[in-house]
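# Coordinate analysis (summary)
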Amino acid sequence: MASTVVMKFGGTSVEDAQAIERVVAIVRQRLENKPVVVVSAMARVTDQLLEMARAAGEGDRKTALMLARQLRERHYNTAGELLGTALFTEFHGNLGTEFEQLEELLRGIAAVGELTPRTTDHVAAFGEILSSKLVSAALSAQQIDSTLVDSRTCLVSDDNFTRAAPLFPESNEKLCHTLLPLIDRGRVPVLGGFIAATRTGITTTIGRGGSDFSAAIIGAALGAEKIEIWTDVDGMMTTDPALCPEARRIKVISFDEAAELAYFGAKVLHPATVLPAIQKNIPVYILNSRNPSCAGTRIAARAPHCHNFFKAIAAKKRITIVDIAAPRMLLAHGFLRTIFEAFDRHRIPVDVVSTSEVSVSLTLDSNESIPALAADLAKLADVKYEGCKAIVCLVGENLREIPGIAGHVFGELSDVKIRMISQGASEINLTFVIDEGQVPQVVQRLHRAFFSQLDPETFA
Ligand code: ADP
Ligand code: ASP
Ligand code: MG
């Protein structure tokens, strides 16, 4: 067990020179706790990289290179502001080499006119490669001894490109071997989140929003005292503050509740983050890099009892409902398996399921894989699709034990068309599906009904 704290800074926390200055100040305050710093790409950069990869893949070299040039400018400007003339001159070439490689890669993709998942990862990785270089240089420029560590040398994954799974025993060993001596020497390691490499050294990424996951993997490998997820809100809130301005901070929440919320749309925390940390009982904190003195949210193995029914409301948009009717088969033995196998073949995860004697309804994220799935399912049954839906999920401890809870919730929404309902699969969530356009008013109404009085032990 190393007494170290893993500090992960999300995209908005490193979005420009001012934000990176705040990161430097926050890290300085933690130096006694021996920090390891994990950073995301600067805000919006991963999306832009994927856009240029797509353009190159379609043979549009000009657009791809134009986007790369904009990215180069943004990083140079930020570095210039952070480093001062002498250091910037030194660092300029270092960043330049990365951009030359990126441009060469884009030219190659455009020449072939084909974008594979493997090359997509190569392009996407530049975001975190660049931001980790910037943050490490900014720390050094402010006299904090930092060492840049390329995550690809110590985070090993399989080759399921764009969604690679970490190989834990190897990663743990490499992470300890690389990071512990640096920490012992009082240096601050800086790593890019989200990226890894296969055993043979090919660049991979571990899924969108994956920097939180990287932080948890690193924290678990080192047996860190705690993991801090620094973002742009005061912590995990009773609902997305962008959706409902009355959202309040949750002081402490259980791992299970946080995972459920994250899965159903509270993107403030990547669900998989929770896993490596749970297994090692390492507390995770969500903190605000714009308001560092705020205590944030602690995610603990067990949350204290709360007088409110619910801890939070999450909403996930861009959902499609699939209604599968099998009149002749009457959901015969094996029918559901056949249906789920089709989803599995297309690697489409299902969120909410409800069945009747002759039909089954499911929800999935709207995405490009649906037409292929549709063709497959059409061979098996009558299938109908309905897009523009949203899942709303209320999370709270022991919901199964509370009499009349569903009546309470749906009583508040008596004029809203509810398409699907699910409760009871886990003790801690009550989930339903509505039209996407109704999300803001439904969330605001439920928030008013269930969060106007708050248990001060749990909420701030
Ligand atoms: P980062 O770039 O730091 O990873 P994200 O954009 O991934 O940050 O996550 C932070 C955002 O998550 C917030 O700005 C907020 O709009 C959104 N969010 C959604 N649900 C919640 C919630 N329940 N509590 C806090 N933030 C939430
Ligand atoms: N930059 C990556 C993304 O936008 C990973 C992350 O920020 O966590 O998905
Ligand atoms: Mg995030």
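Our subject is the structure listed above.
Here's what I pulled together on the structure shown here. (Residues numbered from 1 in each chain as written. Chains lettered and ligands numbered in written order. Predicted model: local features only at pLDDT ≥ 70, side-chain atom pairs only at ≥ 80, totals over all residues. Heavy atoms only, no water.)

Time to look at the sheet that holds strand β16 (residues 429-435). Sheet strands associate in pairs through backbone hydrogen bonding, adopting either a parallel or an antiparallel arrangement. Across the sheet, six strands lie side by side as β12-β13-β11-β14-β16-β15; this open sheet has antiparallel pairing. The open sheet terminates on both sides in strands that have one partner only, identified here as β12 (350-355) and β15 (420-423). Looking at each pair of strands side by side, their axes are set apart by 30° on average, direction ignored. Direction of pairing for strand β14 (residues 382-395) relative to β16: antiparallel, over a ladder of seven bridges. Considered in β16, the bridge of C393 is made with T431. Helix-sheet contacts for helix α12 (residues 405-412) involve β14, β15 and β16, and the interaxial angle to β16 is about 25°. The sheet strands contacting helix α13 (residues 439-451) are β11 (312-325), β14 and β16, and the helix crosses β11 at an angle near 130°. (Pairing = 2+ DSSP bridges. Helix = DSSP H or I, 4+ residues; strand = E, 2+ residues; numbered from the N terminus. Axes fitted to C-alpha atoms, helices over the stretch in contact; angles between N-to-C directions. Contact = heavy atoms within 4.5 Å.)

An order of β3-β4-β2-β1-β7-β9-β10-β8 is seen for the eight strands of this open sheet, with the pairing classed as mixed. Here the strands that pair on one side only, and so sit at the sheet edges, are β3 (146-149) and β8 (252-254). Between one strand axis and the next, the sheet turns through 20° on average, direction left out of account. By the bridge criterion, five bridges tie strand β1 (residues 5-9) to strand β2 (residues 35-39) in an arrangement that is parallel. Bridging from a neighbouring strand, V6 pairs with V36 of β2.

Taken together, the residues surrounding ligand 2 are S40, T46, E128, F194, R208, G209, G210 and S211. Within the side chain of E128, a nitrogen or oxygen atom sits 2.6 Å from a nitrogen atom of ligand 2. R208 is positioned with one of its side-chain polar atoms (N or O) 2.7 Å from an oxygen atom of ligand 2. Starting from 260 Å² of accessible surface for ligand 2 in isolation, the protein chains cover 85%. Tallied by class, the residues present in the shell around ligand 2 amount to one nonpolar, five polar and two charged. (Near = heavy atom within 4 Å. Polar contact = N/O pair within 3.5 Å; in protein donor to acceptor, adjacent residues only side chain to side chain. Areas by Shrake-Rupley, 256 points an atom, 1.4 Å probe, with all protein chains shown as cover. Nonpolar A, V, L, I, M, F, W, Y, C, P; charged D, E, K, R; others polar.)

Here helix α3 (residues 61-112) crosses helix α5 (residues 126-141) at 160°, and the two axes come no closer than 10 Å. With respect to α5, the axis of α3 lies roughly antiparallel. In the packing of α3 onto α5, the handedness of the crossing is right-handed. A class-by-class count of the residues in the contact of α3 with α5 yields 16 nonpolar, four polar and two charged. (Parallel < 35°, antiparallel > 145°, perpendicular 65-115°, else oblique. Left-handed = near helix turned anticlockwise from the far one by under 90°.)

On the surface, L336, F340 and V353 cluster together to form a nonpolar patch covering roughly 200 Å² of accessible area. When you line up the elements, F340 lands in helix α10 (residues 335-345). (Patch = residues over 30% accessible without salt bridge, like charges linked within 9 Å, V, L, I, M, F, W, Y side chains within 5 Å. Salt bridge = Lys/Arg side-chain N within 4 Å of Asp/Glu carboxyl O.)

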